[in-house]
Amino acid sequence: MDKVLIIGAGGVGKVVVHKCAQQKSVFKEIHLASRTKSKCDAISREIKSRYGVDIPTYAVDADKTAELVALINKIKPDLLINVALPYQDLTIMDACLETGTHYLDTANYEPLDEAKFEYKWQWAYQDRFKSKGLMALLGSGFDPGVTNVYCAYGQKHLFDEINKIDIVDCNGGDHGKAFATNFNPEINIREVTAKGRYWAQGQWHETNPLSVHQGFDFPAIGEREMYLMYHEEMESLAQNIKGLKQIRFWMTFGQEYLTHLRVLQNVGMTRIDEVEYEGQKIVPLKFLKALLPDPGSLGQSYEGKTCIGCVMEGLKNGQSQRKFIYNICDHAESFKETGSQAVSYTTGVPAMIGAKMMLQKKWMTPGVWNMEQMDPDPFMEALNQDGLPWQVVEWNSSIT
Ligand code: NDP
């Protein structure tokens with residue numbers, strides 16, 4: 001097990017290719033496909049000159065299962081790493097089933113016409129993957145991904161019972177642009193403009209978009225305002241962490257970003273339904289994506305750091321405890337290593353590590369799994385070795 005096919009040559013895809021190419025003994029053959037072959041070729045040239053590794057490239061429309069099946073049958077990879085967009089998750093999973101290929105992604109399936117984040121579509125593949133002896137690892141990015149593994153680590157080593165989790169995500173960096181998103185603008189804006197949701201006492205509670213917020217003192221960054229949002233990892237963590245009574249997700253935004261977003265929303269530019277324009281049908285959010293800076297291009301002038309982690313409260317030996325596990329990642333250092341900023345880096349590294357866990361059979365169980373269902377220890381060890389070191393500290397202040 002050492003041959004991978006990576007689909008998606010965007011900001012995250014580029015980091016995944018770099019990180020796989022750095023570990024030649026694990027990833028003996030790396031293939032890269034995307035909708036636009038020239039993007040794959042540019043990454044392939046960079047990898048050849050930096051690491052001397054050959055990356056064959058291909059054009060594929062991952063919305064079409066038959067095209068994927070033909071490509072997979074030609075390459076015969078052991079594992080497919082899906083870092084295209086969430087809309088393609090199901091067609092790619094279908095192709096993996098048809099060709100007998102293990103599967104990994106970083107974001108859960110979303111229907112194109114509705115900003116809805118739910119695992120139900122992918123969890124429905126459980127029996128089919130299991131009966132074919134195949135594994136699908138869902139959400140192997142940072143959040144979801146590392147945040148799930150942090151919770152599993154907390155459950156295994158730090159607490160007898162975790163009662164409350166707050167996932168906090170801060171990008172304290174500055175890219176120097178008036179308005180840009182750090183990953184795919186369409187996916188990002190759909191996520192941010194959706195209603196907030198958190199889980200408490202066995203049920204989901206909804207809040208108006210970005211209406212609940214508070215300050216948090218992020219290590220290495222300082223005090224920032226963070227906003228309660230819905231985020232997909234809460235759905236599986238609410239089911240898989242024993243004794244959990246509440247889980248919330250918070251992300252920081254600057255005032256400049258929020259003002260631009262409000263104006264864009266107010267004028268209808270974030271709509272995801274089709275509108276008629278000069279005899280053509282266009283989706284305003286897709287058009288906006290075409291105008292905004294490519295997230296992959298932000299790295300050049302990006303300064304500052306990200307801090308993402310989990311504040312967990314619970315009991316250990318009958319005593320109340322509050323711990324914070326987190327990573328700090330530097331935009332400029334990420335760019336120096338991979339040519340991508342820290343948001344792509346913090347997603348691409350865990351995708352590579354998840355793939356490594358599967359290829360090395362440290363994580364290899366047929367079926368469809370979320371990250372916290374696996375043993376956290378080898379993954380946590382790899383995070384320290386592969387560029388995303390973590391820390392655990394006592395955390396004195398409670399998030400209200
Ligand atoms: P980009 O938009 O930069 O890249 C997406 C890539 O997918 C592009 O290269 C695009 O191809 C390709 N693609 C899109 N549609 C198709 C298709 N139909 N067939 C083949 N290729 C296609 O996004 P990012 O790299 O920023 O994000 C990648 C994924 O990572 C997304 O799913 C995102 O949600 C996820 N993510 C997860 C995070 C986490 O922490 N878990 C955080 C950030 C992102 P082309 O350029 O050729 O058009």
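## Examining the site of the ligand
Right, so step 1: Residues in contact with the ligand amount to 34 residues; listed here are only the nearest, Gly10, Thr36, Ala62, Gly141 and Phe183.
Right, so step 2: For the shell around the ligand, the elements supplying multiple residues, two or more each, are α1 (11-21) and α13 (342-359).
Right, so step 3: Broken down by element, the residue count for the shell around the ligand peaks at three residues, all from α1.
Right, so step 4: Across the shell around the ligand, the residue classes break down as 14 nonpolar, 15 polar and five charged.
Right, so step 5: Domain assignment of the residues forming the shell around the ligand places at least three in each of domain 1 (3-138) and domain 2 (146-340 + 387-394).

## Points about the sheet that holds strand β17 (residues 367-370)
Right, so step 1: A sheet is described by the order of its strands in space; here seven strands give the open sequence β3-β2-β1-β4-β5-β6-β17, paired in parallel fashion. This sheet does not close on itself; its edge strands, each paired only once, are β3 (57-59) and β17. Recorded for the sheet is a direction-independent mean angle of 20° between the axes of neighbouring strands.
Right, so step 2: Bridging between strand β1 (residues 3-7) and strand β2 (residues 29-34) involves five bridges; their strand directions are parallel. Paired with Lys3 across the strands is Glu29, a residue of β2.

## Overview of helix α14 (residues 376-385)
Right, so step 1: Among the residues of α14, Pro376, Phe379, Ala382 and Leu383 are the ones counted as buried. For α14, the arc enclosing every buried residue in end-on projection is 130°, short of the 170-degree limit, so these residues lie on one face. Residues Glu381, Asn384 and Gln385 are exposed on α14 and point more than 90 degrees away from its buried face.
Right, so step 2: The secondary structure elements touched by the buried residues of α14 are α7 (146-158), α13 and β18 (390-394).
Right, so step 3: Two residues or fewer past α14, Gly387 is found with a positive phi of approximately 115°.

## So, the nonpolar core
Right, so step 1: Core analysis: the largest hydrophobic core is formed by 108 residues, its most contacted members being Ile6, Ile7, Val16, Val17, Ile81 and Ala136.
Right, so step 2: Top contributing element to this core by residue count: α13, with 11 residues.
Right, so step 3: In this structure, this core is formed jointly by two domains, domain 1 (3-138) and domain 2 (146-340 + 387-394), each of which donates at least three residues.
Right, so step 4: Those residues within four positions of Ala136 in sequence are excluded, and the remaining contacts are Met93, Tyr103, Tyr125, Phe129 and Val368.

## Topic: unusual backbone geometry
Only a minority of non-glycine residues have a phi that is not negative, and only a minority of peptide bonds are not trans.
Right, so step 1: The omega angle of the peptide bond from Asp143 to Pro144 is 10°, so this bond is cis rather than trans.
Right, so step 2: As for its position among the elements, Pro144 is in the loop between β6 (135-138) and α7.
Right, so step 3: Positive phi is not limited to glycine here, since Gln201 has a value of about 50°.
Right, so step 4: For Gln201, the location among the structural elements is in the loop between β8 (196-200) and β9 (203-207).

## With respect to the domain arrangement of the chain
Right, so step 1: What the domain assignment lists for the chain is domain 1 (3-138) and domain 2 (146-340 + 387-394).
Right, so step 2: Summarising the inter-unit geometry, the C-alpha centres of domain 1 and domain 2 are found 24 Å apart.
Right, so step 3: The partner domain 2 presents 15 residues to the 15 residues of domain 1 that form the contact.
Right, so step 4: Looking at the side of domain 1 that touches domain 2, the element that brings in the most residues is α1, giving five residues.

## Some details on the environment of Cys170
Right, so step 1: Within the secondary structure, Cys170 is located in strand β7 (residues 161-171).
Right, so step 2: Cys170 sits in the buried class, given 25 other C-beta atoms within 10 Å.
Right, so step 3: Those residues in contact with Cys170 that sit more than four places away from it in its chain are Phe218, Ile221, Arg224, Met226, Thr252, Thr306 and Cys307.

## Some remarks on the pairing of strand β11 (residues 222-229)
Right, so step 1: Where strand β10 (residues 213-218) lies against β11, six bridges are found, and the strand directions are antiparallel. Residue pairing across strands places Gly215 opposite Glu225, the latter belonging to β11.
Right, so step 2: Between β10 and β11, which pair antiparallel in sequence order, lie three residues; one of them, Ala220, sits at a positive phi of approximately 70°.
Right, so step 3: As defined by bridge partners, β11 adjoins strand β12 (residues 246-252) across four bridges and the pair is classed as antiparallel. Counted as the bridge partner of Met229 is Phe249 from β12.

The rules behind each value
- Residues numbered from 1 in each chain as written.
- Predicted model: local features only at pLDDT ≥ 70, side-chain atom pairs only at ≥ 80, totals over all residues.
- Near = placed C-beta within 6 Å.
- Helix = DSSP H or I, 4+ residues; strand = E, 2+ residues; numbered from the N terminus.
- Nonpolar A, V, L, I, M, F, W, Y, C, P; charged D, E, K, R; others polar.
- Domains from an automatic or database assignment.
- Pairing = 2+ DSSP bridges.
- Axes fitted to C-alpha atoms, helices over the stretch in contact; angles between N-to-C directions.
- Buried ≥ 20, exposed ≤ 12 C-beta atoms within 10 Å, placed from the backbone.
- Arc of directions from axis to C-beta.
- Contact = placed C-beta atoms within 7 Å.
- Core = buried A, V, L, I, M, F, W, Y, C linked by C-beta atoms within 7 Å.

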